[in-house]
Amino acid sequence: MNWIGDNLGLIWEALREHLYLAIVPVILGLIISVPLGYVATRYSWLANPLIAFGGVLYSLPSIALFIVIPAILGTKVLATINIIVALTIYTVSLLIRNVIDGLRSVPPDVRQSAIAVGYSPLHRVITVDLPIAVPVIFTGLRVVTVANISMVSVGAVIGIGGLGELFTLGFQKDFLTPVVVGVVLSLLLALCADLILVTLQRLLTPWARVATPVGEVA
Amino acid sequence: MIEFEDVTKQYPDGTVAVDKLSLRIPSNQITVFVGPSGCGKTTSLRMINRTIERTSGTISIDGEDINGKDPVTLRRGIGYVIQNAGLFPHKTVVENVATVPKLLGWDKGKAHGTAMELLERVGLDVKLAERYPAQLSGGQQQRVGVARALAADPKIMLMDEPFSAVDPIVRHQLQEELLRLQRDIGKTIVFVTHDIDEAIKLGDNVAVLRVGGKLAQFAPPAELLADPADDFVRGFVGQDRGYRALTFVHPEELPLKPVPDELALKDGVPVGWKNGSADLLPLGALFKRGDSLRAALDAVLTSPTGSGVCVDDDGKAIGVIDQSTVAEALRS
Ligand SMILES: Nc1ncnc2c1ncn2[C@@H]1O[C@H](COP(=O)(O)OP(=O)(O)OP(=O)(O)O)[C@@H](O)[C@H]1O
Ligand SMILES: [Mg+2]
């Protein structure tokens, strides 16, 4: 237990870095997926190939990406940007399906009325389509956020990465405490992140929780 | 006036949904498009707000070709109501109704104020204003749909089978209220239905379309029933068109008989017929002074005693009419 007290600074730094490496790709991935998903619903022939391609990307082992990306980007193997890029790719490959499904979940008569009342196309996407897609998009966001938090630890294998560094430290010294601290903290981090996302979703979609109508009282 | 001139719509797959349709839709009246499924009613309607673009021909509103207008601006000036209302599920009732005013840049207070007034006008309790559409019944949603269409006071309102997804009683109420509303607002309404009864009830003019989007007849409903243009129209208005035509006969002064003792009243409002036992016999349909002969006949036919009950605007019985009186009126 002394180890924890002596290394609070190190632990805190690892936690902060872990959070940063996991969350930035989620935000970047969202920013990329939304317009991409919108384009795929406008040109519907694009949707299925995009979803399939996303599936393939997502199934690549993360360690491979962490190593191949520096070669492609010309960055140093140890640069954090590699992790950010790799996880952004994962995020997009997973979220794209949710964005497309979410936009497709807008009922046709709702979309038709939105056009008929006189929304311009961009305005309609922002104020009608995307809000209605929020529940489906958030399902993907939650999955990808938790996945990213666990994948950041893998970065430790190549020498970068938040709480994963504690594992490396523990294994090197054959000393369990840092490993336990690392595992517990990354679990807590995943739980907190998920809780925040659930709360955010509830705030964004008060309409999705309303009761079904009671009887026909016209 | 909305004018169709040789309007044709061919979909990319080759289907000709509307074929050289020429039609003048008069202002401030209800014009109904009626016809069998797939005859091109929806297509014709949606070409008016350019949510479907025609292939050839011209559509003009008050003499101006709609193709010369920006579609988004055009649509904000035309109300649109569809079958399942198509309300925005993520907006409250009042926000739904305020949609077009807000798109037009009204400030929020004014837009919401207008929306609240409209909710009352279409017969909705203002307590429902903060609910979401999923918390309303189908009939209530449809009223919100009408309020949304009217919010920015458009000259034209397009309605595509707006009442066909609600139960018959609610449908009847909504139809009556549309007529009442129209007496106040006098919009140019284009109404699509496949129900000839609804067309006859609501339309000042009825356009009967046949499959392939061809106009079979355009006439006021009484004329349609009295003088169908061809076999198709005759078949469509149905075998009982004679009965339907009674809708347009208004026997000014059908002689009423005084309310008989057998009619059970509660504060003057009829509640049933007495038959000696504790239970009352059902009332049957009621009619009002000034209603059509069809309503009077209906009251007589559905009454268990053969006497149709006539009520005033407050629902109080003012007299009854018997079969022989109606038969007399039918002969004349
Ligand atoms: N997007 C489309 N692409 C191809 N054909 C279409 C399309 N929309 C409609 N059609 C066809 O055009 C014809 C007219 O359709 P429309 O929807 O206008 O009919 P409708 O009279 O409104 O029918 P209903 O009473 O069933 O609503 C039909 O044959 C229909 O199959
Ligand atoms: Mg239709």
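So, a few notes on the structure that sits alongside this text. Since the model is a prediction, treat every value here as computed from it, not as a measurement.

What follows covers the overall build of chain A. Of the regular secondary structure elements, chain A holds 9 helices and 0 strands. Counting helices and strands in the order they occur from the N terminus, chain A gives α-α-α-α-α-α-α-α-α. C-alpha atoms of chain A, sized along the principal axes, occupy 70 × 45 × 25 Å. Relative to its full complement of 218 residues, chain A shows a buried share of 43%.

So, on to the sheet that holds strand 1 (residues 2-10) of chain B. Residue and element names in this part refer to chain B. One open sheet holds the 4 strands; their spatial order is 2-1-4-5, and the pairing between them is antiparallel. In this open sheet, the two edge strands, each paired with only one partner strand, are strand 2 (16-25) and strand 5 (64-65). Where strand 4 (residues 56-61) meets strand 5, 2 bridges bridge the pair, whose relative direction is antiparallel. Following the sheet pairing, Ile 61 is matched in strand 5 by Glu 64.

Interfaces are often sized by the amount of accessible area the parts lose when they come together. Across the contact, 26 residues belong to chain A and 34 residues belong to chain B. Summed over both sides, the interface between chain A and chain B buries roughly 2400 Å², with carbon and sulfur atoms accounting for 64% of that surface. Between the two partners, chain A and chain B, sit 0 salt bridges. Across the chain A-chain B interface, the total number found is 5 residue pairs in polar contact (both at pLDDT 80 or more). Looking at the side of chain A that touches chain B, the elements with two or more residues in it are helix 6 (108-117) and helix 7 (121-154) of chain A. Among the elements that line the side of chain A that touches chain B, the one with the most residues is helix 6 of chain A, at 8 residues. Residue classes in the side of chain A that touches chain B are distributed as 16 nonpolar, 8 polar and 2 charged.

Before going further, it helps to examine the pairing of strand 3 (residues 30-34) of chain B. Residues and elements named next belong to chain B. In terms of burial, strand 3 is a largely internal element, 5 of the 5 residues being buried. Across 5 bridges, the pairing between strand 3 and strand 8 (residues 188-193) is parallel. When the sheet's bridge partners are listed, Phe 33 is paired in strand 8 with Val 192. Pairing of strand 3 with strand 9 (residues 205-210) involves 4 bridges; the strand directions are parallel. Among the inter-strand pairings, Val 32 is bridged to a residue of strand 9, identified as Val 206.

All names here are of chain B. Taken together, 6 strands build an open sheet; the order of strands is 6-7-8-3-9-10 and the sheet is mixed. Of all strands in the sheet, those with a lone pairing partner are strand 6 (78-81) and strand 10 (214-219), marking the two edges. Each adjacent strand pair in this sheet contributes to an overall mean axis angle of 15 degrees, direction not counted. Pairing between strand 9 and strand 10: 5 bridges, direction antiparallel. Bridging from a neighbouring strand, Ala 207 pairs with Phe 218 of strand 10.

Another aspect to go through is helix 4 (residues 62-73) of chain A. Residue and element names in this part refer to chain A. Between the first and last C-alpha of helix 4 there are 16 Å, a value that for 12 residues agrees with the 16 Å anticipated at 1.5 Å per step. The inward-facing, buried residues of helix 4 contact helix 5 (80-104) and helix 7. Positive phi appears at Gly 74, one or two residues downstream of helix 4, with a value of about 75 degrees.

Glancing now at the pairing of strand 4 of chain B. Residues and elements named next belong to chain B. Pairing geometry for strand 1 and strand 4, over 5 bridges, is antiparallel. Looking across to strand 4, one finds that Phe 4 is bridged to Ile 59. Remark: 2 residues form the turn of the hairpin made by strand 4 and strand 5, two consecutive strands paired antiparallel; Asp 62 in that turn has positive phi of roughly 45 degrees.

A separate point is helix 5 (residues 108-121) of chain B. Residues and elements named next belong to chain B. Its 14 residues give helix 5 an end-to-end C-alpha distance of 20 Å, which sits within 8% of 20 Å, the value for a rise of 1.5 Å per residue. Ala 111, His 112, Thr 114, Ala 115, Leu 118 and Leu 119 are the residues of helix 5 that are buried. Down the axis of helix 5, the smallest arc covering the buried residues is 160 degrees, so these residues share one side. Facing away from the buried side of helix 5, by more than 90 degrees, are the exposed residues Glu 117 and Glu 120. Looking at the buried positions of helix 5, the neighbouring elements they touch are helix 3 (93-97), helix 4 (99-103) and helix 6 (138-150). Sitting at the amino-terminal end of helix 5 is Asp 107, which places a side-chain oxygen 3.0 Å from the backbone nitrogen of Gly 109. Positive backbone phi, at 85 degrees, marks Gly 123, one or two positions downstream of helix 5.

Definitions and cut-offs
- Residues numbered from 1 in each chain as written.
- Chains lettered and ligands numbered in written order.
- Predicted model: local features only at pLDDT ≥ 70, side-chain atom pairs only at ≥ 80, totals over all residues.
- Heavy atoms only, no water.
- Helix = DSSP H or I, 4+ residues; strand = E, 2+ residues; numbered from the N terminus.
- Buried < 20%, exposed > 50% of the residue type's maximum accessible area, 1.4 Å probe, protein only.
- Pairing = 2+ DSSP bridges.
- Contact = heavy atoms within 4.5 Å.
- Buried area = accessible area lost by both parts, 1.4 Å probe.
- Salt bridge = Lys/Arg side-chain N within 4 Å of Asp/Glu carboxyl O.
- Polar contact = N/O pair within 3.5 Å; in protein donor to acceptor, adjacent residues only side chain to side chain.
- Nonpolar A, V, L, I, M, F, W, Y, C, P; charged D, E, K, R; others polar.
- Axes fitted to C-alpha atoms, helices over the stretch in contact; angles between N-to-C directions.
- Expected span 1.5 Å × (residues − 1).
- Arc of directions from axis to C-beta.

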